[in-house]
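Remarks on the overall topology
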Amino acid sequence: MIIQGGMSVAVSNWRLAQTVSRLGHLGVIGGTALDMVTARRLEDGDPDGDMRRAFDAFPFRAMAERVWNTYYVSGGKAPDAPYARVPIHGRECPRPLAELCLVANFAEVFLAREGHTNPVGINYLEKIQTPHLISIYGAMLAGVSYVLMGAGIPLKIPGVLDAFVNHEPASYPLYVVGAQDGDDTTMRFTPREFMEHDLPPLERPRFLPIIASNTLAVTMLKKANGKVDGFIIEGPTAGGHNAPPRGKGPLSESGEPVYGERDRVDLDKMREPGVPFWLAGGYGTPDVLQQALDAGAAGIQVGTAFAYCVESGLRDDYKQAVLAKVARGEACVFTDPVASPSGFPFKVVQLEGTISEEAVYLARPRICDLGYLREAYRTPDGEIDFRCPSEPVSVYLSKGGKTETTAGRKCICNALIATAGGPQTRSQGRLLEAGIITSGDDLTGIGRFMHPGSTAYTAADVIRTLLSGLRD
Ligand SMILES: Cc1cc2nc3c(=O)[nH]c(=O)nc-3n(C[C@H](O)[C@H](O)[C@H](O)COP(=O)(O)O)c2cc1C
(Lines give C-alpha, C1' and ligand atoms only; values in the text may rest on other atoms or scores of the structure.)
Protein backbone atom coordinates (compact mmCIF):
# COMPACT_ATOMS: atom_id res chain seq x y z
CA MET A 1 0.00 0.00 0.00
CA ILE A 2 2.89 2.36 0.64
CA ILE A 3 5.60 3.00 -1.90
CA GLN A 4 8.57 4.98 -0.64
CA GLY A 5 9.20 7.10 -3.71
CA GLY A 6 12.57 7.01 -5.45
CA MET A 7 14.64 10.05 -4.44
CA SER A 8 17.80 10.86 -6.31
CA VAL A 9 20.58 11.59 -5.90
CA ALA A 10 21.06 8.90 -3.21
CA VAL A 11 18.45 10.25 -0.79
CA SER A 12 16.59 6.97 -1.15
CA ASN A 13 19.77 4.93 -1.04
CA TRP A 14 19.93 1.17 -0.43
CA ARG A 15 19.67 1.65 3.32
CA LEU A 16 16.32 3.47 3.18
CA ALA A 17 14.90 1.18 0.50
CA GLN A 18 15.96 -1.90 2.44
CA THR A 19 14.35 -0.60 5.64
CA VAL A 20 11.04 0.12 3.93
CA SER A 21 10.98 -3.19 2.06
CA ARG A 22 11.77 -5.12 5.25
CA LEU A 23 8.73 -3.42 6.81
CA GLY A 24 6.57 -4.95 4.07
CA HIS A 25 6.11 -1.90 1.83
CA LEU A 26 7.97 -1.04 -1.36
CA GLY A 27 11.38 0.53 -0.87
CA VAL A 28 12.55 2.29 -4.02
CA ILE A 29 16.15 3.23 -4.75
CA GLY A 30 16.85 6.56 -6.45
CA GLY A 31 18.63 5.21 -9.53
CA THR A 32 19.88 8.46 -11.08
CA ALA A 33 23.67 8.94 -11.09
CA LEU A 34 24.41 5.77 -9.13
CA ASP A 35 27.63 5.42 -11.12
CA MET A 36 28.93 8.69 -9.71
CA VAL A 37 27.63 7.92 -6.21
CA THR A 38 29.40 4.57 -6.25
CA ALA A 39 32.67 6.06 -7.52
CA ARG A 40 32.61 8.61 -4.71
CA ARG A 41 31.82 6.00 -2.06
CA LEU A 42 34.87 4.05 -3.22
CA GLU A 43 37.00 7.18 -3.16
CA ASP A 44 35.79 7.78 0.40
CA GLY A 45 37.31 4.40 1.26
CA ASP A 46 34.07 2.39 1.67
CA PRO A 47 34.42 2.68 5.47
CA ASP A 48 31.69 0.17 6.37
CA GLY A 49 32.68 -2.36 3.70
CA ASP A 50 29.19 -2.36 2.13
CA MET A 51 30.41 -1.69 -1.39
CA ARG A 52 33.06 -4.41 -1.07
CA ARG A 53 30.34 -6.92 -0.13
CA ALA A 54 28.20 -5.87 -3.08
CA PHE A 55 31.13 -5.93 -5.52
CA ASP A 56 31.99 -9.45 -4.32
CA ALA A 57 28.47 -10.55 -5.22
CA PHE A 58 28.62 -9.13 -8.76
CA PRO A 59 28.43 -12.04 -11.20
CA PHE A 60 31.31 -10.83 -13.40
CA ARG A 61 34.29 -10.74 -11.07
CA ALA A 62 36.93 -9.35 -13.41
CA MET A 63 34.69 -6.39 -14.26
CA ALA A 64 33.97 -5.68 -10.58
CA GLU A 65 37.70 -5.68 -9.82
CA ARG A 66 38.46 -3.31 -12.72
CA VAL A 67 35.90 -0.82 -11.40
CA TRP A 68 37.09 -1.27 -7.83
CA ASN A 69 40.72 -0.70 -8.77
CA THR A 70 39.86 2.41 -10.77
CA TYR A 71 38.14 4.26 -7.93
CA TYR A 72 38.89 2.71 -4.55
CA VAL A 73 41.11 4.77 -2.25
CA SER A 74 42.16 2.91 0.86
CA GLY A 75 41.37 5.05 3.93
CA GLY A 76 39.55 7.58 1.75
CA LYS A 77 40.79 10.50 -0.31
CA ALA A 78 42.24 13.58 1.40
CA PRO A 79 39.47 16.12 2.20
CA ASP A 80 40.88 18.77 -0.14
CA ALA A 81 41.60 16.31 -2.98
CA PRO A 82 38.97 16.39 -5.73
CA TYR A 83 36.92 13.32 -6.58
CA ALA A 84 37.97 11.67 -9.82
CA ARG A 85 36.21 12.70 -13.00
CA VAL A 86 33.76 10.03 -14.03
CA PRO A 87 33.32 9.92 -17.84
CA ILE A 88 30.06 11.48 -19.09
CA HIS A 89 27.35 9.41 -20.74
CA GLY A 90 26.66 9.93 -24.44
CA ARG A 91 24.79 8.03 -27.15
CA GLU A 92 27.59 5.51 -27.09
CA CYS A 93 28.98 4.70 -23.70
CA PRO A 94 32.73 4.24 -23.20
CA ARG A 95 33.35 0.74 -21.83
CA PRO A 96 34.86 1.81 -18.45
CA LEU A 97 31.78 3.97 -17.79
CA ALA A 98 29.43 1.19 -18.85
CA GLU A 99 31.17 -1.17 -16.42
CA LEU A 100 30.99 1.34 -13.56
CA CYS A 101 27.30 1.96 -14.28
CA LEU A 102 26.49 -1.76 -14.43
CA VAL A 103 28.24 -2.60 -11.18
CA ALA A 104 26.84 0.51 -9.43
CA ASN A 105 23.22 -0.29 -10.25
CA PHE A 106 23.78 -3.92 -9.30
CA ALA A 107 25.41 -2.96 -5.99
CA GLU A 108 22.63 -0.63 -4.85
CA VAL A 109 19.91 -3.19 -5.54
CA PHE A 110 21.97 -6.03 -4.07
CA LEU A 111 22.42 -4.12 -0.80
CA ALA A 112 18.75 -3.06 -0.65
CA ARG A 113 17.73 -6.72 -1.04
CA GLU A 114 20.27 -8.13 1.39
CA GLY A 115 18.91 -10.14 4.32
CA HIS A 116 15.22 -10.31 3.31
CA THR A 117 13.06 -11.58 0.47
CA ASN A 118 10.67 -8.66 -0.05
CA PRO A 119 10.62 -6.78 -3.37
CA VAL A 120 12.71 -3.68 -3.98
CA GLY A 121 12.21 -1.09 -6.74
CA ILE A 122 14.42 1.39 -8.57
CA ASN A 123 13.48 4.78 -9.98
CA TYR A 124 14.92 6.54 -13.03
CA LEU A 125 14.04 9.76 -14.83
CA GLU A 126 13.11 9.21 -18.47
CA LYS A 127 14.65 12.57 -19.33
CA ILE A 128 18.10 11.27 -18.35
CA GLN A 129 18.17 8.78 -21.18
CA THR A 130 21.80 7.98 -21.88
CA PRO A 131 22.39 5.65 -18.90
CA HIS A 132 19.00 3.84 -19.17
CA LEU A 133 19.97 0.58 -20.84
CA ILE A 134 23.07 -0.11 -18.78
CA SER A 135 21.46 0.96 -15.50
CA ILE A 136 18.41 -1.21 -15.98
CA TYR A 137 20.45 -4.28 -16.91
CA GLY A 138 22.67 -3.76 -13.84
CA ALA A 139 19.61 -3.46 -11.57
CA MET A 140 18.03 -6.55 -13.13
CA LEU A 141 21.21 -8.57 -12.55
CA ALA A 142 20.60 -7.93 -8.84
CA GLY A 143 16.92 -8.95 -9.04
CA VAL A 144 15.11 -5.63 -8.90
CA SER A 145 11.33 -6.23 -8.80
CA TYR A 146 9.96 -2.85 -9.92
CA VAL A 147 11.21 -0.15 -12.28
CA LEU A 148 9.51 3.22 -11.78
CA MET A 149 10.11 6.05 -14.20
CA GLY A 150 9.09 9.70 -14.15
CA ALA A 151 9.90 12.90 -16.07
CA GLY A 152 9.02 11.82 -19.57
CA ILE A 153 7.07 9.34 -21.66
CA PRO A 154 8.83 5.99 -21.30
CA LEU A 155 7.06 4.12 -24.11
CA LYS A 156 10.06 1.94 -24.95
CA ILE A 157 11.07 0.78 -21.49
CA PRO A 158 8.81 -2.31 -21.27
CA GLY A 159 10.50 -3.79 -24.35
CA VAL A 160 13.90 -3.21 -22.76
CA LEU A 161 12.82 -5.09 -19.62
CA ASP A 162 11.53 -7.98 -21.75
CA ALA A 163 14.77 -8.20 -23.76
CA PHE A 164 17.02 -8.22 -20.71
CA VAL A 165 15.21 -11.17 -19.11
CA ASN A 166 17.08 -13.41 -21.56
CA HIS A 167 20.17 -11.18 -21.77
CA GLU A 168 19.13 -10.15 -25.28
CA PRO A 169 20.32 -6.84 -26.84
CA ALA A 170 18.05 -3.83 -26.35
CA SER A 171 17.87 -0.36 -27.84
CA TYR A 172 16.40 2.97 -26.78
CA PRO A 173 15.73 6.08 -28.87
CA LEU A 174 17.71 9.13 -27.75
CA TYR A 175 15.77 12.36 -28.12
CA VAL A 176 17.98 14.67 -30.20
CA VAL A 177 16.97 18.28 -30.79
CA GLY A 178 16.97 18.98 -34.53
CA ALA A 179 17.42 15.34 -35.54
CA GLN A 180 16.68 14.60 -39.20
CA ASP A 181 15.40 11.54 -40.98
CA GLY A 182 18.24 9.10 -41.45
CA ASP A 183 20.20 10.21 -38.35
CA ASP A 184 21.08 7.29 -36.11
CA THR A 185 19.80 8.38 -32.71
CA THR A 186 19.45 4.88 -31.27
CA MET A 187 21.30 3.77 -28.16
CA ARG A 188 22.14 0.07 -27.97
CA PHE A 189 23.29 -2.30 -25.29
CA THR A 190 24.27 -5.93 -25.79
CA PRO A 191 24.58 -7.77 -22.47
CA ARG A 192 26.62 -10.59 -23.99
CA GLU A 193 29.42 -8.14 -24.83
CA PHE A 194 29.81 -7.69 -21.07
CA MET A 195 28.93 -11.12 -19.66
CA GLU A 196 31.95 -13.13 -18.54
CA HIS A 197 29.86 -16.33 -18.49
CA ASP A 198 26.31 -17.49 -19.08
CA LEU A 199 23.58 -16.70 -16.58
CA PRO A 200 20.04 -18.04 -16.14
CA PRO A 201 17.13 -15.80 -17.22
CA LEU A 202 16.43 -12.78 -15.00
CA GLU A 203 13.21 -11.72 -13.28
CA ARG A 204 11.17 -9.27 -15.40
CA PRO A 205 10.57 -6.28 -13.13
CA ARG A 206 7.12 -4.74 -13.09
CA PHE A 207 7.02 -1.36 -14.73
CA LEU A 208 5.31 1.65 -13.15
CA PRO A 209 5.50 4.93 -15.09
CA ILE A 210 4.99 8.09 -13.05
CA ILE A 211 2.42 10.27 -14.75
CA ALA A 212 0.46 13.46 -14.17
CA SER A 213 -2.40 13.17 -16.66
CA ASN A 214 -5.09 10.81 -17.93
CA THR A 215 -3.82 11.32 -21.48
CA LEU A 216 -0.41 10.00 -20.58
CA ALA A 217 -1.93 6.92 -18.93
CA VAL A 218 -3.92 6.17 -22.09
CA THR A 219 -0.88 6.78 -24.31
CA MET A 220 1.26 4.45 -22.22
CA LEU A 221 -1.35 1.69 -22.28
CA LYS A 222 -1.95 1.99 -26.02
CA LYS A 223 1.52 2.64 -27.35
CA ALA A 224 4.10 1.18 -24.96
CA ASN A 225 6.10 -1.65 -26.51
CA GLY A 226 5.27 -4.08 -23.70
CA LYS A 227 3.39 -4.45 -20.45
CA VAL A 228 2.72 -1.48 -18.19
CA ASP A 229 1.96 -2.95 -14.76
CA GLY A 230 0.56 0.12 -13.03
CA PHE A 231 0.89 3.88 -12.62
CA ILE A 232 2.03 6.37 -10.05
CA ILE A 233 -0.12 9.47 -10.40
CA GLU A 234 1.88 12.38 -9.11
CA GLY A 235 0.45 15.80 -8.38
CA PRO A 236 2.28 19.15 -8.44
CA THR A 237 2.78 19.30 -4.65
CA ALA A 238 5.25 16.39 -4.80
CA GLY A 239 8.96 16.78 -4.08
CA GLY A 240 11.51 16.59 -6.89
CA HIS A 241 10.67 17.54 -10.48
CA ASN A 242 7.03 18.30 -11.27
CA ALA A 243 5.22 18.01 -14.58
CA PRO A 244 4.80 21.56 -15.99
CA PRO A 245 1.26 22.97 -15.82
CA ARG A 246 -0.79 22.32 -18.95
CA GLY A 247 -1.84 25.97 -19.25
CA LYS A 248 0.87 28.39 -20.39
CA GLY A 249 -0.34 31.08 -17.99
CA PRO A 250 1.83 33.54 -16.07
CA LEU A 251 3.73 32.60 -12.92
CA SER A 252 2.24 33.35 -9.51
CA GLU A 253 3.18 36.49 -7.56
CA SER A 254 5.95 34.50 -5.89
CA GLY A 255 7.27 33.35 -9.30
CA GLU A 256 5.98 29.78 -9.20
CA PRO A 257 4.07 27.82 -11.86
CA VAL A 258 0.29 27.94 -11.40
CA TYR A 259 -1.65 24.68 -11.64
CA GLY A 260 -5.36 24.53 -12.33
CA GLU A 261 -8.31 22.30 -13.08
CA ARG A 262 -6.72 20.96 -16.28
CA ASP A 263 -3.87 19.52 -14.24
CA ARG A 264 -6.20 17.41 -12.11
CA VAL A 265 -6.19 13.70 -12.90
CA ASP A 266 -9.66 12.18 -13.20
CA LEU A 267 -9.50 9.10 -10.97
CA ASP A 268 -12.81 7.71 -12.30
CA LYS A 269 -11.15 7.48 -15.70
CA MET A 270 -8.00 6.00 -14.15
CA ARG A 271 -10.06 3.11 -12.76
CA GLU A 272 -11.49 2.18 -16.18
CA PRO A 273 -8.58 0.16 -17.64
CA GLY A 274 -8.30 -1.91 -14.44
CA VAL A 275 -4.59 -1.21 -14.02
CA PRO A 276 -3.50 -0.53 -10.41
CA PHE A 277 -2.42 2.98 -9.50
CA TRP A 278 -0.85 4.72 -6.54
CA LEU A 279 -1.31 8.40 -5.68
CA ALA A 280 1.65 10.67 -4.96
CA GLY A 281 2.14 14.27 -3.89
CA GLY A 282 1.03 15.33 -0.43
CA TYR A 283 0.02 11.85 0.77
CA GLY A 284 2.11 12.00 3.93
CA THR A 285 -0.76 12.35 6.42
CA PRO A 286 -2.66 9.52 8.16
CA ASP A 287 -6.12 10.22 6.76
CA VAL A 288 -5.17 10.37 3.07
CA LEU A 289 -4.16 6.73 2.63
CA GLN A 290 -7.74 5.71 3.38
CA GLN A 291 -9.01 8.42 1.01
CA ALA A 292 -6.72 7.11 -1.74
CA LEU A 293 -7.98 3.56 -1.23
CA ASP A 294 -11.59 4.80 -1.26
CA ALA A 295 -10.85 6.50 -4.58
CA GLY A 296 -9.79 3.17 -6.07
CA ALA A 297 -6.02 3.50 -5.67
CA ALA A 298 -3.88 0.52 -4.69
CA GLY A 299 -2.07 2.81 -2.28
CA ILE A 300 0.14 5.87 -2.11
CA GLN A 301 3.70 6.90 -2.95
CA VAL A 302 5.39 9.12 -0.39
CA GLY A 303 8.73 10.89 -0.71
CA THR A 304 9.17 13.98 1.44
CA ALA A 305 8.32 12.23 4.73
CA PHE A 306 10.97 9.57 4.07
CA ALA A 307 13.61 12.06 2.90
CA TYR A 308 14.19 13.28 6.47
CA CYS A 309 14.05 9.98 8.38
CA VAL A 310 17.25 8.68 9.94
CA GLU A 311 17.77 6.01 7.26
CA SER A 312 17.76 8.41 4.29
CA GLY A 313 20.93 9.44 2.45
CA LEU A 314 20.31 13.18 2.85
CA ARG A 315 23.43 14.47 4.55
CA ASP A 316 23.06 14.99 8.25
CA ASP A 317 23.82 18.71 8.61
CA TYR A 318 21.16 19.57 6.03
CA LYS A 319 18.69 17.11 7.55
CA GLN A 320 19.10 18.63 11.01
CA ALA A 321 18.91 22.20 9.70
CA VAL A 322 15.67 21.54 7.81
CA LEU A 323 14.10 19.62 10.70
CA ALA A 324 14.95 22.55 12.99
CA LYS A 325 13.30 24.94 10.52
CA VAL A 326 10.22 22.72 10.40
CA ALA A 327 10.08 22.74 14.22
CA ARG A 328 10.30 26.56 14.25
CA GLY A 329 7.58 26.82 11.60
CA GLU A 330 10.05 28.43 9.17
CA ALA A 331 10.38 25.73 6.51
CA CYS A 332 9.66 26.96 3.02
CA VAL A 333 9.61 25.23 -0.38
CA PHE A 334 9.79 27.19 -3.65
CA THR A 335 8.69 25.60 -6.93
CA ASP A 336 11.46 26.97 -9.13
CA PRO A 337 10.36 27.09 -12.77
CA VAL A 338 13.92 27.41 -14.15
CA ALA A 339 16.45 25.97 -11.67
CA SER A 340 16.59 22.51 -13.24
CA PRO A 341 18.33 22.25 -16.62
CA SER A 342 15.70 19.62 -17.45
CA GLY A 343 13.15 22.41 -18.02
CA PHE A 344 10.73 20.84 -15.52
CA PRO A 345 9.69 22.85 -12.43
CA PHE A 346 11.81 21.74 -9.48
CA LYS A 347 10.87 22.09 -5.81
CA VAL A 348 13.64 23.68 -3.76
CA VAL A 349 13.85 23.95 0.03
CA GLN A 350 15.03 27.39 1.04
CA LEU A 351 18.06 26.76 3.22
CA GLU A 352 21.05 28.95 4.02
CA GLY A 353 24.34 27.68 2.59
CA THR A 354 22.69 25.79 -0.27
CA ILE A 355 22.33 27.12 -3.81
CA SER A 356 18.75 28.07 -2.96
CA GLU A 357 20.47 31.23 -1.67
CA GLU A 358 21.05 33.71 -4.46
CA ALA A 359 24.52 34.67 -3.17
CA VAL A 360 25.66 31.04 -3.00
CA TYR A 361 24.32 30.38 -6.49
CA LEU A 362 25.96 33.46 -7.99
CA ALA A 363 29.31 32.77 -6.31
CA ARG A 364 29.62 29.41 -8.05
CA PRO A 365 31.49 29.46 -11.36
CA ARG A 366 29.45 27.78 -14.09
CA ILE A 367 31.00 24.34 -14.45
CA CYS A 368 29.37 21.37 -16.14
CA ASP A 369 31.43 18.25 -15.45
CA LEU A 370 28.82 15.63 -14.56
CA GLY A 371 26.43 16.14 -17.43
CA TYR A 372 23.45 13.96 -16.48
CA LEU A 373 20.95 16.63 -17.52
CA ARG A 374 22.62 17.60 -20.79
CA GLU A 375 20.37 17.68 -23.80
CA ALA A 376 21.37 15.96 -27.06
CA TYR A 377 21.28 18.14 -30.17
CA ARG A 378 22.26 17.82 -33.83
CA THR A 379 25.31 19.88 -34.79
CA PRO A 380 25.46 21.63 -38.19
CA ASP A 381 27.78 18.76 -39.28
CA GLY A 382 25.08 16.22 -38.54
CA GLU A 383 26.81 14.88 -35.40
CA ILE A 384 25.18 14.40 -32.02
CA ASP A 385 26.55 16.66 -29.30
CA PHE A 386 25.34 17.61 -25.83
CA ARG A 387 24.67 20.93 -24.09
CA CYS A 388 23.37 22.10 -20.73
CA PRO A 389 21.82 25.51 -20.00
CA SER A 390 23.73 25.65 -16.71
CA GLU A 391 27.14 25.25 -18.37
CA PRO A 392 29.25 28.40 -19.08
CA VAL A 393 26.96 30.69 -21.10
CA SER A 394 29.45 31.21 -23.95
CA VAL A 395 29.88 27.45 -24.37
CA TYR A 396 26.13 26.93 -24.38
CA LEU A 397 25.61 29.68 -26.95
CA SER A 398 28.36 28.23 -29.14
CA LYS A 399 26.30 25.05 -29.26
CA GLY A 400 23.24 26.88 -30.54
CA GLY A 401 21.63 27.38 -27.13
CA LYS A 402 19.63 30.54 -26.43
CA THR A 403 20.69 33.17 -23.86
CA GLU A 404 17.25 33.31 -22.24
CA THR A 405 17.39 29.57 -21.48
CA THR A 406 20.46 30.08 -19.25
CA ALA A 407 18.91 32.51 -16.74
CA GLY A 408 18.56 31.05 -13.25
CA ARG A 409 19.70 27.57 -14.28
CA LYS A 410 21.48 25.68 -11.55
CA CYS A 411 23.92 22.81 -11.75
CA ILE A 412 21.69 20.45 -9.83
CA CYS A 413 23.94 17.51 -10.81
CA ASN A 414 26.78 18.82 -8.64
CA ALA A 415 24.40 20.23 -6.03
CA LEU A 416 22.41 17.01 -5.56
CA ILE A 417 25.51 14.85 -5.11
CA ALA A 418 26.71 17.44 -2.58
CA THR A 419 23.40 16.97 -0.75
CA ALA A 420 24.02 13.24 -0.62
CA GLY A 421 27.34 13.87 1.14
CA GLY A 422 29.81 13.75 -1.75
CA PRO A 423 30.46 17.41 -2.65
CA GLN A 424 33.16 17.99 -5.25
CA THR A 425 36.04 20.14 -4.08
CA ARG A 426 37.94 22.38 -6.49
CA SER A 427 40.93 24.75 -6.51
CA GLN A 428 42.93 22.80 -3.89
CA GLY A 429 40.01 22.75 -1.48
CA ARG A 430 39.15 26.46 -1.72
CA LEU A 431 35.87 25.71 -3.49
CA LEU A 432 33.39 23.17 -2.16
CA GLU A 433 30.19 22.51 -4.08
CA ALA A 434 27.09 23.55 -2.10
CA GLY A 435 23.99 21.38 -2.13
CA ILE A 436 20.36 21.79 -3.10
CA ILE A 437 17.48 20.07 -1.33
CA THR A 438 14.21 19.19 -2.93
CA SER A 439 11.02 18.42 -1.01
CA GLY A 440 7.29 18.55 -1.50
CA ASP A 441 4.91 21.14 -0.11
CA ASP A 442 4.22 18.62 2.66
CA LEU A 443 7.58 19.46 4.25
CA THR A 444 6.05 21.77 6.82
CA GLY A 445 4.08 18.88 8.34
CA ILE A 446 6.82 16.29 8.84
CA GLY A 447 7.01 17.10 12.55
CA ARG A 448 4.04 14.73 12.84
CA PHE A 449 6.36 11.73 12.57
CA MET A 450 8.43 12.63 15.61
CA HIS A 451 7.80 11.33 19.09
CA PRO A 452 7.32 14.12 21.66
CA GLY A 453 10.69 15.48 22.76
CA SER A 454 12.56 13.81 19.90
CA THR A 455 14.36 15.55 17.06
CA ALA A 456 14.51 12.59 14.68
CA TYR A 457 12.24 9.87 13.33
CA THR A 458 12.61 6.59 11.46
CA ALA A 459 11.06 5.10 8.32
CA ALA A 460 9.05 2.84 10.66
CA ASP A 461 7.61 5.98 12.35
CA VAL A 462 6.49 7.24 8.92
CA ILE A 463 4.83 3.96 8.02
CA ARG A 464 3.15 3.58 11.42
CA THR A 465 1.73 7.09 11.17
CA LEU A 466 0.51 6.63 7.60
CA LEU A 467 -1.22 3.36 8.46
CA SER A 468 -2.83 4.81 11.60
CA GLY A 469 -5.60 6.44 9.59
CA LEU A 470 -6.86 3.21 8.01
CA ARG A 471 -10.39 2.14 8.95
CA ASP A 472 -9.61 -1.55 9.21
C1 LIG B 1 14.34 14.49 -2.08
C2 LIG B 1 13.44 14.00 -3.18
C3 LIG B 1 14.00 13.53 -4.36
C4 LIG B 1 13.17 13.03 -5.36
N5 LIG B 1 13.74 12.49 -6.48
C6 LIG B 1 12.97 11.87 -7.40
C7 LIG B 1 13.55 11.19 -8.51
O8 LIG B 1 14.76 11.12 -8.64
N9 LIG B 1 12.72 10.61 -9.42
C10 LIG B 1 11.35 10.65 -9.27
O11 LIG B 1 10.64 10.09 -10.13
N12 LIG B 1 10.78 11.28 -8.23
C13 LIG B 1 11.55 11.87 -7.28
N14 LIG B 1 10.96 12.46 -6.20
C15 LIG B 1 9.51 12.32 -6.02
C16 LIG B 1 9.17 11.15 -5.09
O17 LIG B 1 9.55 9.92 -5.66
C18 LIG B 1 7.68 11.08 -4.74
O19 LIG B 1 6.89 10.79 -5.86
C20 LIG B 1 7.18 12.39 -4.15
O21 LIG B 1 8.07 12.84 -3.19
C22 LIG B 1 5.80 12.18 -3.53
O23 LIG B 1 5.28 13.37 -3.02
P24 LIG B 1 5.61 13.96 -1.57
O25 LIG B 1 6.95 14.59 -1.71
O26 LIG B 1 4.54 14.95 -1.33
O27 LIG B 1 5.60 12.82 -0.59
C28 LIG B 1 11.76 13.02 -5.20
C29 LIG B 1 11.22 13.56 -4.03
C30 LIG B 1 12.03 14.03 -3.03
C31 LIG B 1 11.41 14.57 -1.77
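Below you will find a few notes about this structure. (Residues numbered from 1 in each chain as written. Predicted model: local features only at pLDDT ≥ 70, side-chain atom pairs only at ≥ 80, totals over all residues. Heavy atoms only, no water.)

Moving on, we get to the overall build of the chain. Helix and strand counts for the chain stand at 17 helices and 17 strands. The C-alpha extent of the chain, read off along each of the three principal axes, is 55 × 50 × 50 Å. In the chain, which comprises 472 residues, the share counted as buried stands at 56%. Excluding contacts between residues fewer than 6 apart, the proportion of contacts in the chain whose partners are at least 24 apart in sequence is 70%. (Helix = DSSP H or I, 4+ residues; strand = E, 2+ residues; numbered from the N terminus. Buried < 20%, exposed > 50% of the residue type's maximum accessible area, 1.4 Å probe, protein only. Contact = heavy atoms within 4.5 Å.)

With that settled, the discussion passes to the pattern of salt bridges. Throughout the structure, instances matching the rule amount to 32 salt bridges. Of the charged contacts in the structure, one is a salt bridge between lysine 227 and aspartate 229, with a shortest N-O distance of 3.1 Å. Salt bridges here are not isolated pairs; linked through shared partners, they connect Arg15, Asp50, Arg53 and Glu114. (Salt bridge = Lys/Arg side-chain N within 4 Å of Asp/Glu carboxyl O.)

To continue, consider the site of the ligand. Every one of the 20 residues lining the ligand counts as a neighbour, but Glu234, Gly282, Gln301, Gly303 and Thr304 are closest to it. Protein contacts shield 95% of the accessible area of the ligand, which totals 610 Å² for the unbound molecule. Among the secondary structure elements, those contributing two or more residues to the shell around the ligand are strand S3 (120-125) and strand S11 (299-302). Here the residues of the shell around the ligand are counted per class, giving five nonpolar, 14 polar and one charged. (Near = heavy atom within 4 Å. Areas by Shrake-Rupley, 256 points an atom, 1.4 Å probe, with all protein chains shown as cover. Nonpolar A, V, L, I, M, F, W, Y, C, P; charged D, E, K, R; others polar.)

The strand order S6-S14-S15 describes an open sheet built from three strands, whose pairing is mixed. A single partner strand is all that each edge strand has here, and the edge strands are strand S6 (176-177) and strand S15 (384-387). With two bridges joining them, S6 and strand S14 (residues 375-378) adopt parallel strand pairing. Within S14, the position partnered with valine 177 by the bridge is tyrosine 377. (Pairing = 2+ DSSP bridges.)

Next up on the list: the packing of aromatic side chains. On inspection of all chains with the given rule, the structure shows 10 aromatic pairs. Between phenylalanine 58 and phenylalanine 106 the ring centres are 5.1 Å apart and the planes differ by 80 degrees, which places this aromatic pair in the edge-to-face class. Residue phenylalanine 58 is located in the loop between helix H3 (50-57) and helix H4 (61-71), and its partner phenylalanine 106 is located in helix H5 (residues 95-113); the two are separated by 48 residues in the primary sequence. Of the two residues, phenylalanine 58 and phenylalanine 106, both sit in the buried class. Ring geometry for phenylalanine 164 against phenylalanine 189: centres 6.0 Å apart, planes inclined by 85 degrees, an arrangement best described as edge-to-face. Of this pair, phenylalanine 164 sits in helix H7 (residues 157-165) while phenylalanine 189 is found in strand S7 (residues 186-189), placing the two residues 25 residues apart along the sequence. Note on phenylalanine 164: relative accessible area 0%, which makes it buried. Through a chain of ring-to-ring contacts, three or more aromatic side chains come together here, namely Phe58, Phe60, Phe106 and Phe110. Lysine 410 extends its terminal NZ or CZ atom over the ring of tyrosine 361, reaching a point 5.0 Å from the ring centre. (Phe/Tyr/Trp six-rings, centres within 6.5 Å; stacked < 30°, edge-to-face > 60°. Lys NZ or Arg CZ within 6 Å of the ring centre and 35° of its normal.)

Let us now look at the nonpolar core. Of all hydrophobic cores here, the largest spans 112 residues; its most connected members are Phe306 and Tyr308. Per-element accounting of this core gives the leading share, 12 residues, to H5. Discounting chain neighbours no more than four positions away, the residues touching phenylalanine 306 are Ile2, Gln4, Met7, Leu16, Val20, Ser312, Ala459, Val462 and Ile463. Core analysis: the second largest hydrophobic core is formed by 24 residues, Leu125, Phe344, Ile355 and Cys413 among them. (Core = buried A, V, L, I, M, F, W, Y, C linked by side-chain atoms within 4.5 Å.)

The next thing to look at is empty space enclosed by the protein. Over the atoms rolls a probe the size of a water molecule, and its path tells where empty space is left. What the rule picks out here adds up to five cavities of 30 Å³ or more. Its boundaries defined by the atoms lining it, the largest cavity holds a volume of some 90 Å³. If you trace the largest cavity, you find 14 residues lining it, with Gly31, Thr32, Ala33, Pro131 and Ser135 closest to the centre. Looking at the lining of the largest cavity, the elements that each hand over two or more residues are helix H2 (34-43), H5, S3 and helix H6 (132-141). If you trace the second largest cavity, you find it lined by Pro341, Cys368, Asp369, Leu370, Gly371, Leu373, Cys388, Ser390, Cys411 and Cys413. Of the residues that constitute the lining of the second largest cavity, the class distribution is seven nonpolar, two polar and one charged. (1 Å grid on protein atoms, 1.4 Å probe; cavity = no way out; pocket = protein on both sides within 12 Å on 5 of 7 lines; lining within 4 Å. Points joined across faces, edges and corners; volume = space filled by probe spheres on them.)

One way to put it is that H3 packs onto H5 with a least axis distance of 9 Å and a crossing angle of 110 degrees. When the interaxial angle is binned, H3 and H5 end up roughly perpendicular. Residues Asp50, Met51, Arg53, Ala54, Phe55 and Ala57 of H3 touch H5, and the partners they reach there are Val103, Phe106, Ala107, Phe110 and Leu111. Classifying every residue of the contact of H3 with H5 by side-chain character gives nine nonpolar, no polar and two charged. (Axes fitted to C-alpha atoms, helices over the stretch in contact; angles between N-to-C directions. Parallel < 35°, antiparallel > 145°, perpendicular 65-115°, else oblique.)

Assignment of secondary structure puts aspartate 35 in helix H2. For the buried residue aspartate 35, which engages in no salt bridge, the nearest side chain bearing the opposite charge is arginine 40, 9.4 Å off. Only 2.5 Å separates the side chain of aspartate 35 from the side chain of tyrosine 372, close enough to count as a polar contact. Excluding its chain neighbours within four sequence positions, the residues that come into contact with aspartate 35 are His89, Leu97, Leu100, Cys101, Ala104 and Tyr372. (Lys, Arg positive; Asp, Glu negative; His and termini not counted. Polar contact = N/O pair within 3.5 Å; in protein donor to acceptor, adjacent residues only side chain to side chain.)

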